[in-house]
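Structural overview
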Amino acid sequence: DEYATQQRQAVEPLQRRTLIIENPRIDGMTVDEVVGGGSDVVISRIKRRGASEVQAAAASALLHVGDAVLAVGTERNLDRFQQAVGRADDADLLQAPGAVAHRRVLVTNGKVLGKTMRELGLDHHFGVTVTRINRGGLEMTAVPNLTLQFGDVLQVVGQEDRIAAAATLLGNSLKALNQTRAVPILAGVLAGMALGALPLPIPGLPQPLRLGLAGGPLIVALLVSRVGRIGPLVWHMPLIANAAFREFGLAIFLASVGLMAGPHFGAVAFSARGALWLATGLCVTVVPLVSVGCLALAIEKMNFVVVSGLLAGSMTDSSALSFAANMCNAETPMVAYAAVYPLTALTRILVIQVLTVVLCG
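Counted at 1.5 Å a residue, the expected span for helix α10 (residues 239-269) with its 31 residues is 45 Å, but the 39 Å between its end C-alpha atoms falls short. The set of residues buried in α10 consists of A241, L250 and A269.

Time to look at the sheet that holds strand β9 (residues 153-158). Hydrogen bonds between backbone atoms are what pair the strands of a sheet, whose relative direction is either parallel or antiparallel. Spatial strand order, β6-β9-β7-β8: 4 strands in an open sheet with antiparallel pairing. Looking at the sheet topology across the chains shown, the edges are occupied by β6 (101-106) and β8 (138-141). Neighbour to neighbour, the strand axes of the sheet diverge by 25 degrees on average, direction disregarded. As paired elements, strand β7 (residues 129-135) and β9 share 5 bridges and run antiparallel to each other. Within β9, the residue paired with N134 across the bridge is V153. Here helix α6 (residues 160-170) sits on the sheet in contact with β6 and β9, set at roughly 10 degrees to β6.

Below, the discussion takes up the pattern of salt bridges. This structure, assessed with the given rule, holds 7 salt bridges. As a salt-bridge pair, R103 and E160 come within 3.8 Å of each other at their nearest N and O atoms. Highlighted residues: R103 in strand β6 and E160 in helix α6, separated in sequence by 57 residues. Look at the salt bridges and you will find they share partners, linking E22, R87 and D89 into a network.

Calculation notes
Residues numbered from 1 in each chain as written. Predicted model: local features only at pLDDT ≥ 70, side-chain atom pairs only at ≥ 80, totals over all residues. Heavy atoms only, no water. Helix = DSSP H or I, 4+ residues; strand = E, 2+ residues; numbered from the N terminus. Expected span 1.5 Å × (residues − 1). Buried < 20%, exposed > 50% of the residue type's maximum accessible area, 1.4 Å probe, protein only. Pairing = 2+ DSSP bridges. Axes fitted to C-alpha atoms, helices over the stretch in contact; angles between N-to-C directions. Contact = heavy atoms within 4.5 Å. Salt bridge = Lys/Arg side-chain N within 4 Å of Asp/Glu carboxyl O.

Treat this as a map of the structure, not an account of what it does.
Written out as structure tokens, the structure is:
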């Protein structure tokens, strides 16, 4: 709960505010001209002066002095926008009568991915307004330069039939959102294997380094997750499939370790050499982890959820991450784990090869 509270405090929430147009310079300007100048505010509804009903704020709608508009944005951006257009009003245009509806629409059509809100032009083509976008639980203002990604949830305001037409373009398919795409995953794995096999010549070393089957797919996964889509390939994995892959991979990893170490574990672990290895491993792992953990909690005042993910990621230990997630009863340690895991894994892969070449010839 403390971690969730800290995360919410770090993000400025979106608000609605009813504003009365008083600036004579705005009189006769379109909605697109007023909000398209980098204000980071979206106008969703308009109530004309003297009218009893509201209408959707299409991009081409003209604004006049005395009109009331419903603006959506952060408090800071709304304050700046209010100074430019007029004054605030207590009326709630969201509850005012009128032929205006709002729906949440999923972005699942591959043809619209990578396009900005301005390029998509929902306001011009369908006469609807996107007031906010929810991406991974984070709400953002639908500013013109914001790029759409697979799985975004758009808050669309307008007439019901026009919203339906816009939803058709965006996809709005729950089935597509929950579908596991095997072809992009296979393509990413093959590309990662190819990258991992490429030699990386390093001056001063007699042999080139390689990222291997672990480092190559990791680099490709980071790249394709950032890009999101290449042609018809969309890299999106549903949460259920992601959890299934992680649990299955963890089980296979632990099983392989047990099968490899099982036949000789007892003889080695209870011998003098085994005791030395255990003591050395205890010092190498526990001492740094406990020291860093205490430093992070006591001095840096980090949340326990963050610290547990950082420690698991610093060991590149998926079983430690699973233990931390079960302890917190949430997937939140995954964020901190993912932040440090790539650098730690690549460093370990490359440093081991350098040590092997230098020390063992």
